[in-house]
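Chains, contacts and geometry: an overview
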Amino acid sequence: MRARIKKLDGHHFQFDVRGMHGDIDVTPPEVKAQGPSPKELILSALCGCTGTDVIDLLAKFQVTYDSLELEAKAPLTDKHPKVFSRIDLSYFVNGASVDPAKVIEAAKRSTHQYSGTAAMLSKACPIYYTVHVNNEKVAEDQVHFE
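Worth saying up front: this structure is predicted, and the values here are computed from it rather than measured.

**Re the overall build of the chain**
Scanning the chain for helices and strands turns up three helices and seven strands. Counting from the amino terminus, the chain carries its helices and strands in the arrangement β-β-β-α-β-β-α-α-β-β. Its C-alpha atoms put the chain at 50 × 35 × 30 Å along the principal axes. Sorting the 146 residues of the chain into buried and exposed places 31% on the buried side. For the chain, the proportion of contacts with a sequence separation of at least 24, taken over those separated by at least 6, is 49%. A total accessible area of about 9400 Å² is found for the chain, and carbon and sulfur atoms account for 54% of it.

Right, dumping it as C-alpha cells:
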C-alpha cells in the first residue's frame with residue numbers, strides 16, 4: 001500500500017492513492033475547509049472497511065435490504081496530541097424482510113474477526129458499536145479482536 005500527499009496551500013493537501021485524488025485539510029474553524037481532516041478520513045475508513053465486510057456477509061446470509069449506512073463519531077482528548085478517546089460506530093440497515101439476527105452476526109464478525117481497520121484502531125482506543133434495523137436498536141457491543 002502507498003499514499004502520497006502534496007501541499008497546495010495553508011493546511012490543504014491533495015492525496016494520491018493508486019491514481020485517485022482527494023483533498024485533506026486541517027484549517028482553523030474560522031476558515032472554510034477544502035476537504036476532510038485526517039481524523040475524519042480515519043473514521044470514514046473504519047466505516048468503509050467494516051461496511052464492506054457487512055455487505056459481503058449479508059450477501060452470504062442471503063439478506064435483502066433497501067439501505068445500509070454507517071456512522072462513526074469520536075471525541076478527542078483535550079491535550080496534545082489530540083487523539084480519539086473512544087469511537088462510537090453505528091450500523092443502520094433498513095428493509096421489509098431484514099432479519100436482525102443476521103445483521104447482528106454480520107456486524108459482530110466484522111468487528112471481532114475481519115475488519116483490519118477496526119483491529120488497528122481498537123488497539124489505540126475502545127470502539128463501541130450499535131446495530132439498528134428499521135430504525136430500532138437491536139444490539140450493542142464493543143469491538144474485540146483476539
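**Brief notes about the environment of H11**
Structurally, H11 can be placed in the loop between β1 (4-9) and β2 (12-17). Leaving out residues up to four positions away in the same chain, H11 has contacts with I24, D25, V26 and T27.

**Regarding the packing of helix α1 (residues 38-60) against helix α2 (residues 100-114)**
Helix packing for two helices is described by the angle between their axes and how far apart those axes are. Between α1 and α2, whose axes approach to 9 Å, the crossing angle comes to 135°. Regarding the angle of α1 to α2, the classification is oblique. The way α1 lies across α2 gives a crossing that is right-handed. From α1, T50, D53, V54, L57, L58 and K60 reach across to α2, where they touch K102, V103, A106, A107, R109, S110, T111 and Y114. Class assignment of the residues belonging to the contact of α1 with α2 gives a composition of seven nonpolar, three polar and four charged.

**Section: the pattern of salt bridges**
In this structure the tally under the stated criterion is four salt bridges. As a salt-bridge pair, E71 and K73 come within 3.9 Å of each other at their nearest N and O atoms. The salt bridge partner of R109 is E105, with a shortest N-O separation of 2.9 Å. One end of the pair is R109 and the other is E105, both in helix α2 and four residues apart, which spans about a single turn. You can call R109 partly exposed: its relative accessible area is 24%. Assessed through its relative accessible area of 32%, E105 is described here as partly exposed.

**A short note on the pairing of β1**
Taken across its six residues, β1 has zero buried, putting it largely on the surface. Sheet analysis places β1 next to β2, joined by five bridges and oriented antiparallel. Directly across from K6, in β2, lies its bridge partner Q14. Between β1 and β2, which follow one another and run antiparallel, lie two residues, and G10 among them has a positive phi close to 50°.

**Side note on the nonpolar core**
Ranked by size, the top nonpolar core spans 27 residues in total, and within it I87, L89, Y91, V103, Y129 and V131 carry the most contacts. Elements that contribute at least two residues to this core include exactly α1, β5 (87-94), α2, α3 (116-122) and β6 (127-133). Here this core takes six residues from α1, the largest share from any one element. Ignoring sequence-local partners within four residues, the contact set of Y91 consists of T50, V54, E69, L70, A107, S110, T111, Y129, T130, V131 and H132.

Each value, and the rule that gives it
- Residues numbered from 1 in each chain as written.
- Predicted model: local features only at pLDDT ≥ 70, side-chain atom pairs only at ≥ 80, totals over all residues.
- Heavy atoms only, no water.
- Helix = DSSP H or I, 4+ residues; strand = E, 2+ residues; numbered from the N terminus.
- Buried < 20%, exposed > 50% of the residue type's maximum accessible area, 1.4 Å probe, protein only.
- Contact = heavy atoms within 4.5 Å.
- Areas by Shrake-Rupley, 256 points an atom, 1.4 Å probe, with all protein chains shown as cover.
- Axes fitted to C-alpha atoms, helices over the stretch in contact; angles between N-to-C directions.
- Parallel < 35°, antiparallel > 145°, perpendicular 65-115°, else oblique.
- Left-handed = near helix turned anticlockwise from the far one by under 90°.
- Nonpolar A, V, L, I, M, F, W, Y, C, P; charged D, E, K, R; others polar.
- Salt bridge = Lys/Arg side-chain N within 4 Å of Asp/Glu carboxyl O.
- Pairing = 2+ DSSP bridges.
- Core = buried A, V, L, I, M, F, W, Y, C linked by side-chain atoms within 4.5 Å.

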